[in-house]
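Structure at a glance
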Amino acid sequence: MPTYIFAVICFCLVMPETAFAYLDPGTGSMLLQLLLAGLAGAAVVCKFFWQQISRPFSRGGKEEAEGTVELEDSSDPNRED
Amino acid sequence: MQEEAASFRDRSSRVIYRDSEVFRLLDAQALSAWKDFSSTKFASKAMARGDIIQTTEASAMLASTNGSWAGALQHERLPFVSYPYEWCFGMLKDAALLHLELLLEALEEGLMIKDSSAFNIQFKDCRPVFIDIPSFEKWKPGEPWIAYRQFCEMFLFPLMLGAYKGIEFQPLLRSELDGISADYCRKLFSARDFLRGGAFSHVYLQAKLQKAFANSNRSVKRELSASGFHTELIKINVRKIRKLISKMDFAAADSTWSEYEKVSLSNDTYGSEDQRVKAQFIGEVCEWKPREEVSVLGCKTGTYALVAADHADRVLAMDADHLAVERLYQNLKKKEIKNVLPLVMNVCNLSPAQGWKGLERKRLEERSQPSLVLALALIHHVVISANVPMVQLIEWLASLEADLVIEFATREDPMVQRLLLNKEDNYCDYAQDYLEQTLKRFFSIESVKQLNGGQRLLFACRRLS
């Protein structure tokens with residue numbers, strides 16, 4: 001439970017201010033899976049946040065900041081027959 | 001050959017019909033996924049258990065296509081296709097649990113279910129069966145449960161609304177074919193509701209996170225993968241949700257018709273002898289000829305649907321009362337009766353054709369071909385409560401091209417008197433003579449039986465060809 005609360009606080013701190021819900025509500029759902037997994041997800045949470053912190057100093061992060069947008073995988077969770 | 005109108009979202013495969021057979025055409029990617037899936041022990045075990053639709057390769061089918069497909073499968077044909085907005089709470093719950101069980105088993109063998117649409121599950125022999133084979137594909141290392149959001153929207157949130165708030169999900173799922181969003185569900189929950197199992201994390205937090213990251217232009221999926229996301233995390237979450245759902249029951253205890261058997265015996269509508277006579281009458285009409293499908297309109301808790309089930313291959317038991325249908329479903333499971341499919345359906349507002357181009361989800365009449373319709377204790381509710389003219393009701397029943405057992409409650413009947421108690425009686429068409437006269441336009445009335453001292457009448461009607 002403490003891990004869960006810590007992770008929730010971390011997420012709240014990095015949450016962007018603005019939002020356009022019509023774009024991709026799936027991203028938040030993917031991140032939530034880390035919180036729900038509790039302790040088992042703690043290591044991944046730490047690594048994920050380390051990536052966020054270190055991103056601006058990395059070459060890739062600078063490129064992204066200058067406008068290079070990574071495209072999402074085309075997998076669509078809403079497919080069904 | 002005829003293409004299935006609902007089979008368009010996944011470009012990698014297409015469902016088609018030839019005569020009475022069902023095929024699925026696959027592109028190279030889907031064919032490869034099928035090979036991966038069909039080579040696992042999981043696939044053969046799940047098909048043997050009846051959890052996944054029986055499927056075989058049908059390469060010969062490719063000869064009749066235009067050459068753009070790489071493979072073909074043949075699926076067992078289901079006699080009736082139902083939709084999640086026609087299921088009761090217990091049916092959606094069982095469908096959700098089947099989806100999670102299959103996902104856990106698939107993960108053990110390195111497979112993932114790439115989507116979580118409730119339409120990918122059907123009911124056969126009164127139990128859920130998974131029908132969308134191309135949903136199984138190899139799990140890509142580091143990939144999270146992509147379909148988690150869709151699972152919440154189509155299964156978890158509707159079940160939470162039923163279990164925590166006593167809200168029936170059917171009207172919501174009927175209008176929102178892709179399910180109930182986290183944000184919509186959050187708005188329906190009070191602060192106290194967020195203290196219930198899973199509500200804070202799956203509903204509140206998910207809604208907030210979705211909103212917060214909606215304009216993200218980063219590939220979180222790739223970042224999660226790089227952070228070491230592994231299948232154990234998915235399994236932990238799936239097991240938690242399975243535990244959560246398995247404890248859920250619908251919140252409200254009873255409704256008008258869920259206590260039907262007790263009520264009908266206590267309020268003088270019927271005596272037990274009348275019930276026996278009615279059951280015998282229905283049995284006799286069923287035996288006029290072999291019955292592949294019988295539809296019971298306004299089945300309540302299914303007393304007479306079970307009578308029909310003894311004489312027919314399958315019975316569609318429909319009622320607008322969600323809890324009555326729920327009671328029937330639980331009873332069918334308990335008694336292991338397999339040829340009755342309970343459905344939440346209002347005769348005055350049947351499932352329409354809807355979805356993309358109005359073709360994606362079919363109207364009830366298009367999916368059902370009954371040879372006998374039972375309309376028991378129904379017409380006074382349709383004509384008096386819902387104000388549908390008698391002639392229109394009979395014309396619609398005749399359009400089903402089936403024999404008919406119809407019950408008429410006279411104006412001396414206590415239920416009819418109760419319905420008229422606070423209404424202006426302008427129902428001049430609600431009369432026995434007018435009913436008989438209208439029936440005779442389409443049917444031959446073979447026999448009439450009086451119940452409850454003549455206050456109710458049963459008509460056995462043979463459809464004129």
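Note that the structure is a prediction, hence the values are computed from the model and not measured.

Okay, the overall build of chain B next. For chain B, the helix and strand inventory stands at 18 helices and 16 strands. For chain B, buried positions account for 58% of its 465 residues. Taking as baseline every contact in chain B between residues at least 6 positions apart, the subset at least 24 positions apart corresponds to 71%.

Residues and elements named next belong to chain B. Burial within strand S14 (residues 403-409) is extensive, with seven of its seven residues counted as buried. By the alternation rule, side chains of S14 split into Asp403, Val405, Glu407 and Ala409 and Leu404, Ile406 and Phe408, which are all buried. Here S14 runs beside strand S16 (residues 456-463); their pairing, made up of six bridges, is antiparallel. Paired with Ile406 across the strands is Phe459, a residue of S16.

Looking now at the sheet that holds strand S3 (residues 21-26) of chain B. Residues and elements named next belong to chain B. Taking strand neighbours across the sheet as the criterion, the five strands line up as S1-S2-S3-S5-S4 in an open arrangement whose pairing is antiparallel. One side of each edge strand has no neighbouring strand; the edge strands of this open sheet are strand S1 (2-3) and strand S4 (55-57). For S4 and strand S5 (residues 71-75), the ladder comprises three bridges, and the chain directions are antiparallel. Looking at the pairing, Glu57 lines up with Leu73 of S5.

On to the environment of Thr438 of chain B. Residues and elements named next belong to chain B. Along the polypeptide, Thr438 turns up in helix H18 (residues 432-439). Taking the C-alpha atoms as reference points, Thr438 and Glu395, separated by 43 residues in sequence, lie 8.4 Å from one another. Once residues lying within four places of it in the same chain are set aside, the contact partners of Thr438 are Val391 and Ile394. Here the side chain of Thr438 touches Tyr434 through a polar contact of 2.6 Å, landing on its backbone oxygen.

What follows concerns the pattern of salt bridges. Residues and elements named next belong to chain B. According to the stated counting rule, one finds 39 salt bridges over all chains in the structure shown. Salt-bridge contacts for Glu401 lead to Arg463; the nearest nitrogen and oxygen are separated by 3.4 Å. Within this pair, whereas Glu401 is found in the loop between helix H16 (390-399) and S14, its partner Arg463 is found in strand S16, the two being separated by 62 residues in sequence. Residues participating in the shared-partner salt-bridge network are Arg9, Asp178, Glu360 and Arg361.

All names here are of chain A. Looking at chain A as a whole, its pLDDT mean stands at 60, while 35% of the residues score no less than 70. Taken element by element, the predicted model of chain A shows its lowest mean pLDDT in helix H4 (residues 59-65) (50) and its highest in helix H2 (residues 26-36) (85). Note on residues 16-23: pLDDT under 50 across the span, and 14 contacts to partners over four residues away in sequence or across chains. Contacts of residues 63-80 to residues separated by more than four positions or lying in other chains number 43 contacts, the stretch itself having pLDDT below 50.

As a further point, take the nonpolar core. Residue and element names in this part refer to chain B. Counting residues in each nonpolar core, the largest one holds 169 residues, and the members touching the most others are Phe37, Ile52, Trp145, Leu397, Ile406 and Tyr430. A total of 13 residues in this core trace back to one element, the largest contributor, which is helix H3 (residues 89-108). Beyond its immediate sequence surroundings of up to four residues, Ile406 is in contact with Ala375, Ile379, Ile394, Leu397, Leu439, Leu457, Leu458, Phe459 and Cys461.

What follows covers the environment of Met30 of chain A. Its location among the elements puts Met30 of chain A in helix H2. Residue classification places Met30 of chain A among the buried positions, given a relative accessible area of 7%. Residues within four places of Met30 of chain A in sequence aside, it is in contact with Pro144, Ile146, Lys221 and Leu224 of chain B.

With that settled, consider the sheet that holds strand S10 (residues 291-297) of chain B. Residues and elements named next belong to chain B. With mixed pairing, seven strands are arranged side by side in an open sheet as S12-S11-S10-S13-S14-S16-S15. Since the sheet does not close on itself, it has two edges, and those belong to strand S12 (340-344) and strand S15 (443-451), each with one partner. Neighbour-to-neighbour, the strand axes of the sheet open up by a mean angle of 15 degrees, direction not taken into account. When S10 meets strand S11 (residues 312-319), the two strands line up parallel, connected through six bridges. In the sheet register, Val294 faces S11, and the bridge partner there is Val315.

Our focus in this paragraph is helix H2 (residues 41-49) of chain B. Residue and element names in this part refer to chain B. By the burial criterion, the buried members of H2 are Phe42, Ala43, Ala46 and Met47. Taken down its axis, H2 places every buried residue within 120 degrees of arc, on the same side. Away from its buried face by more than 90 degrees, H2 exposes Lys41, Lys45 and Ala48. Buried residues belonging to H2 abut helix H1 (28-38), S4, H3, strand S6 (111-113) and strand S9 (136-138). Backbone geometry just after H2 places Gly50 at a positive phi near 90 degrees.

Moving on to the packing of H2 of chain A against helix H7 (residues 199-212) of chain B. Across the interface, H2 of chain A lies against H7 of chain B with an axial gap of 8 Å and an inter-helix angle of 135 degrees. Considering the angle they form, H2 of chain A stands oblique to H7 of chain B. In terms of crossing hand, the pair formed by H2 of chain A and H7 of chain B is right-handed. Facing H2 of chain A, whose interface residues are Gly28, Ser29, Leu32, Leu35 and Leu36 of chain A, H7 of chain B presents Ser201, His202, Leu205, Gln206, Leu209 and Gln210 of chain B. Considered class by class, the residues forming the contact of H2 of chain A with H7 of chain B number five nonpolar, six polar and no charged.

About the cut-offs
Per-chain numbering applies: the sequence of each chain, read as written, is numbered from 1 onward. Each chain gets a letter, beginning with A, and each ligand a number, beginning with 1, in the order they are written. Restriction of local features to residues with pLDDT of at least 70 applies here, the model being predicted, together with a cutoff of 80 or more for giving and counting side-chain atom pairs; totals for whole chains, interfaces and linings are based on all residues. Derived side-chain values reflect all non-hydrogen atoms in the structure, with water molecules and hydrogen atoms excluded from consideration. In this description a helix means any DSSP run of H or I spanning at least four residues, a strand means any run of E spanning at least two, and both kinds are numbered starting from the N terminus. Note on exposure labels: buried denotes an accessible area under 20% of the residue type's maximum, exposed denotes more than 50%, and partly exposed covers the range between, all computed with a 1.4 Å probe on protein chains only. Note on definitions: a residue-residue contact is assigned when non-hydrogen atoms from the two residues lie within 4.5 Å. Whether two strands pair depends on DSSP finding at least two bridges between them. Polar contacts, as counted here, are pairs of nitrogen or oxygen atoms within 3.5 Å of one another; within protein the pair requires one atom able to donate a hydrogen and one able to accept it, and residues that are adjacent in sequence qualify only if both atoms are side-chain atoms. A carboxyl oxygen of Asp or Glu within 4 Å of a side-chain nitrogen of Lys or Arg is what we treat as a salt bridge. For every residue, the pLDDT score states the predictor's confidence, bounded by 0 at the bottom and 100 at the top. We call a set of buried residues a nonpolar core when its members are Ala, Val, Leu, Ile, Met, Phe, Trp, Tyr or Cys and they connect through side-chain atoms within 4.5 Å of each other. Lines fitted to C-alpha atoms define the axes here, with helix axes fitted over just the stretch in contact, and angles between the N-to-C directions of these axes take values from 0 to 180 degrees. Throughout, the arc means the angular range of directions from the helix axis out to the C-beta atoms. When describing relative orientation, an angle under 35 degrees is termed roughly parallel and one over 145 degrees roughly antiparallel, while 65 to 115 degrees is termed roughly perpendicular and anything else oblique. In this scheme, a crossing is called left-handed if the near helix is turned counterclockwise away from the far one by less than a right angle; it is called right-handed if the turn is clockwise. Residue polarity follows a fixed list, in which Ala, Val, Leu, Ile, Met, Phe, Trp, Tyr, Cys and Pro are nonpolar, Asp, Glu, Lys and Arg are charged, and the others, Gly among them, are polar.

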